[in-house]
Amino acid sequence: MGKRFNITGTCIPEKHYMADTSQKISETIRLIEQDSYFTINRARQYGKTTILLLLWKQLKDNYIIISISFEGLGSEAFSTEDAFTRRFCARAAGSLKRAGYPQGIQKFWEPSPQAENLDTLKDRIASFCEQAGREVLLFIDEIDKSCNNQMFLNFLGILRELYLERAMGAVTFKSVILAGVYDIKNLKLKIRPNEEQKYNSPWNIAIDFSVDMNLAVPEILSMLMEYQDSRKIQIDAKMAAHEIYRYTGGYPFLVSLVCLWLDERLPHAPGTAECWTKEGIHAAIREILKTTYTLFDDIIKNIENNPTFRTLIEAILLEGSQIPYTLSNPQINLGTAFGIITEADGICKIANIIFETYIYDHLIAAKLMERKILPVPRSQFITKTGTLDMNAILEKFQQFMKAEYSIQDRTFLETQGRLLFLAFLKPIINGTGHYAVEPETRDNTRMDIAVFYGMKEYILELKIWHGPKQFYEGISQLASYMDHRGQTEGWMLTFCFQKNYEELSAAFNREITGLPGKKIYSVII
């Protein structure tokens, strides 16, 4: 059976199409060679387990590697020192057995008939590393399953003691890698319900893991080239890599998910060269946004279960707030841990367009449930050739806003107007089209939106009226964005809260002239 794109569990080079992450592996090996202890803390489905496997494959001939997971360890394993030590030793022995190390090495980890404790575990680690004949590495995956647990912190404490005792000649693990969602160095621990939360400290020996685990365009391209050669089809792999990166931000799960849809799941001729076009990629993303995945469920759960975090997300998306990126802020730290928020030029932004659109869709659904926006018949906005009549859509939205809102609603509309427009638009394009907000252009004065319907792309800019000078600056910005997207037709939707609204609407509600090779239509609301 041939390779396929994988979105579940560990990616295996022999079975799955994989990006060439050799540079990331080399950077991580460099940390190991420097005797570093560190945590690979990234969001779910970010390739943490896969990178541990690739490290194991590359280093197993030069080092003895104990590679275990705390997945499924159970709370009983942390109930006593004896229980924890025996469970840890059993998993260490199992790891060495699977790797094919001599039986004598495996037996070293057999538990004693006497009661075990963390001191005996510390002695066992030191003795094993001293007698192993090679330097020893320890990899522990899924540490989130147990990190909010005092026994786990005590275990980190003995690793720290051994690490510090190396200066006095003690022998221990050359390098320890923990993998999980949270940064163990900054984890808050609460042992009993009435106990004050406190920061743990045993892992302050660890260095920061700064390797960028997002897949860059060349890395995505390497995977597509392998796919192209394997399937013996000709695709524009460079274009596809750039377009997939544009929507996913290089989030490994999302990259593989888009590729999987293109190869196996599109309704029409999946896996053919015709699917690996811009239109095919847009179709795959449209279908993905209609589907639920655990990763998406987690995003919505974190927004709905944390009002303060929801306020942060809405400020970024709806108000275009330029919020400084600092991990000392608990909500920004949470968003970063779950892969929802990232940093761009010191400012918080949503990690990728797919996440962003999924959140918009969730907010839109809530807005539609309020029943103030009633879906309008799609047919009146579709031309005889099957394209969108964007002018008609904006005119109808203008009528809706005039009927439902007044200038007294300014405070509400300044933050919610963009969402209202997307909520109005979504039912019209749903099923056949989708939209994407351009993250690089969104601030508190403007927002660029690309709408995809059928084979055509429609470029819109949403603004708040701040006078003629700013209006024409917005026209220039829209024209520049149209050039970036290769479009000659665009639309400007401006929310106006001036008392002379009617006069401004009459003057600026028109097609903008004087733009060679471009048509821009302006609608004032």
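In this text the structure is predicted, and so the values were computed from the model without any measurement. (Residues numbered from 1 in each chain as written. Predicted model: local features only at pLDDT ≥ 70, side-chain atom pairs only at ≥ 80, totals over all residues. Heavy atoms only, no water.)

This next bit is on the pairing of strand S4 (residues 175-180). Burial within S4 is extensive, with 6 of its 6 residues counted as buried. Residues Ser175, Ile177 and Ala179 of S4 are buried on one face, and the alternating residues Val176, Leu178 and Gly180, pointing to the opposite face, are buried as well. When strand S1 (residues 37-41) meets S4, the two strands line up parallel, connected through 5 bridges. Considered in S4, the bridge of Ile40 is made with Ala179. Across 4 bridges, the pairing between strand S3 (residues 136-141) and S4 is parallel. The residue of S4 that forms the bridge with Leu138 is Val176. (Buried < 20%, exposed > 50% of the residue type's maximum accessible area, 1.4 Å probe, protein only. Helix = DSSP H or I, 4+ residues; strand = E, 2+ residues; numbered from the N terminus. Pairing = 2+ DSSP bridges.)

The strand order S9-S10-S11-S12-S14-S13 describes an open sheet built from 6 strands, whose pairing is mixed. Edge positions in the sheet fall to strand S9 (433-437) and strand S13 (511-512), since each has one partner strand and no second. One ladder, built from 6 bridges, connects strand S12 (residues 489-495) with strand S14 (residues 519-524); its direction is parallel. Pairing of Thr494 across the sheet is with Ile524, part of S14. Its contacts with the sheet place helix H15 (residues 390-404) against strand S10 (446-453), strand S11 (456-464), S12 and S14, and it is angled at close to 5° to S12. (Contact = heavy atoms within 4.5 Å. Axes fitted to C-alpha atoms, helices over the stretch in contact; angles between N-to-C directions.)

Let's shift gears to the state of the cysteines. Applying the stated criterion to the full structure yields 0 disulfides. Cysteine Cys129 shares no disulfide, and the gap to the nearest cysteine sulfur, in Cys89, comes to 12 Å. By relative accessible area, Cys129 is classed as buried at 7%. (Disulfide = S-S within 2.5 Å.)

In this section: the packing of helix H8 (residues 237-248) against helix H10 (residues 278-289). Where H8 meets H10, the closest approach of the two axes is 10 Å, and the angle between their N-to-C directions is 30°. Our classification of the angle between H8 and H10 gives roughly parallel. Crossing hand, H8 versus H10: right-handed. For the pair H8 and H10, contact is made by Met239, Ala240, Glu243, Ile244 and Tyr247 and by Lys278, Ile281, His282 and Ile285, respectively. The residue inventory of the contact of H8 with H10, partitioned by class, reads 6 nonpolar, 1 polar and 2 charged. (Parallel < 35°, antiparallel > 145°, perpendicular 65-115°, else oblique. Left-handed = near helix turned anticlockwise from the far one by under 90°. Nonpolar A, V, L, I, M, F, W, Y, C, P; charged D, E, K, R; others polar.)

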